[in-house]
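# A closer look at the structure
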Amino acid sequence: MLCQNCGKHQATAWYKETVNGQTRELHLCPECAAKLGGAYASNLFSADPFFSPFFSDGLFSGAAQAISGGRRCPTCGMTESELRRTGRAGCGDCYQHFKDILLPYIKKLHGAAAHVGAAPAPAADAPAANPLEGLKAKLSDCVKSENYEEAARLRDEIRRLEGNQS
């Protein structure tokens, strides 16, 4: 559903009020909820002097945050409520910003919050990053095993490659 205020973004927060039996409901995107949230929260009971001390003292200062879905990642805009609803972080910075929420789940799933495994060893038959180094290693093996014909061929190939590099 699109935001009923701007009509451009996906609505993720909603505001509902009932006045004299009339219920009004607004579905808002995070941006509009943040902009309008404070106004809705503070204007909700502004006509009644009984409620004014609660709003002026800041007892409901978090109302805008609650209406907009809680904390927000500064990088991608993911809200706390959206994270809890989907179970997916919006970006890499969400892991740091919502660390208090995510860390218990990560520990429960993986047994730890940090990677403790080892990197895989390179395969013995994997080609070297530099083809010249690989040929030199093969040449050394051929000389050790007294395979002189193959060693001569590899020597010539190495010389050819070294001549092309200079």
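Our structure is the block above this text.
Residues numbered from 1 in each chain as written. Predicted model: local features only at pLDDT ≥ 70, side-chain atom pairs only at ≥ 80, totals over all residues. Heavy atoms only, no water.

### A short note on the overall build of the protein chain
Counting secondary structure elements, the protein chain contains eight helices and two strands. For the protein chain, the sequential pattern of α-helices and β-strands runs β-β-α-α-α-α-α-α-α-α. Per-residue burial over the protein chain gives 22% buried out of 166 residues. The long-range share in the protein chain, meaning contacts at least 24 apart out of those at least 6 apart in sequence, stands at 27%. (Helix = DSSP H or I, 4+ residues; strand = E, 2+ residues; numbered from the N terminus. Buried < 20%, exposed > 50% of the residue type's maximum accessible area, 1.4 Å probe, protein only. Contact = heavy atoms within 4.5 Å.)

### A word on the pattern of salt bridges
Applying the stated criterion to the full structure yields seven salt bridges. The residue Arg155 makes a salt bridge to Asp156 at a minimum N-O spacing of 3.1 Å. With relative accessibility at 37%, the residue Arg155 sits in the partly exposed group. A salt bridge links Arg160 to Glu157; the nearest nitrogen and oxygen atoms lie 2.5 Å apart. With Arg160 and Glu157 both in helix α8 (residues 148-165), this residue pair falls three residues apart, about one helical turn. For Arg160, a relative accessible area of 44% puts it in the partly exposed group. (Salt bridge = Lys/Arg side-chain N within 4 Å of Asp/Glu carboxyl O.)

### Quick notes on the pairing of strand β1 (residues 13-19)
As judged from the seven bridges shared by β1 and strand β2 (residues 22-28), these two strands associate in the antiparallel manner. Of the residues in β2, the one forming a bridge with Lys16 is Glu25. (Pairing = 2+ DSSP bridges.)

### Structural notes on unusual backbone geometry
At Glu146, a residue that is not glycine, the phi angle is positive and equals roughly 60 degrees. Here Glu146 is to be found in the loop between α7 (131-144) and α8. On the basis of relative accessible area, Glu146 is assigned to the exposed category, the value being 57%.

### Things to note about helix α6 (residues 99-110)
Each turn of an α-helix holds 3.6 residues, which means side chains three or four residues apart point in the same direction. Look at α6: 15 Å from first C-alpha to last across 12 residues, which is about the 16 Å you get at 1.5 Å a residue. One or two steps after α6, the chain reaches Gly111, where phi turns positive at roughly 85 degrees. (Expected span 1.5 Å × (residues − 1).)

### Considerations on α7
Spanning 14 residues, α7 covers 20 Å between terminal C-alpha atoms, matching the ideal 20 Å at 1.5 Å per step. What α7 keeps buried is the set Leu132, Leu135 and Cys142. Mapping the buried residues of α7 onto a view down its axis gives an arc of 80 degrees, with all of them on the same face. Glu146 sits one or two residues past α7 and shows a positive phi near 60 degrees. (Arc of directions from axis to C-beta.)

### A few points about the environment of Ala13
When you line up the elements, Ala13 lands in strand β1. Taking the relative accessible area as the measure of exposure, Ala13 reaches 6% and is therefore buried. In sequence terms Ala13 and Cys3 are 10 residues apart; their C-alpha atoms lie 8.9 Å from each other.

### Details of the environment of Ile101
As for its position among the elements, Ile101 is in helix α6. Using a relative accessible area of 7% as the deciding quantity, one classes Ile101 as buried. Spatially, the C-alpha atom of Ile101 lies 8.5 Å from that of Arg84, the residues being 17 residues apart in sequence. The contacts of Ile101, once residues within four sequence positions are left out, are Arg71, Glu80, Leu83 and Arg84.

### Observations regarding the environment of Cys73
Inspection of the secondary structure assignment puts Cys73 in the loop between α3 (63-68) and α4 (80-86). With residues near it in sequence (within four places) discarded, Cys73 still touches Met78, Cys91, Asp93, Cys94, His97 and Phe98.

Any link to function would need more than the numbers given here.
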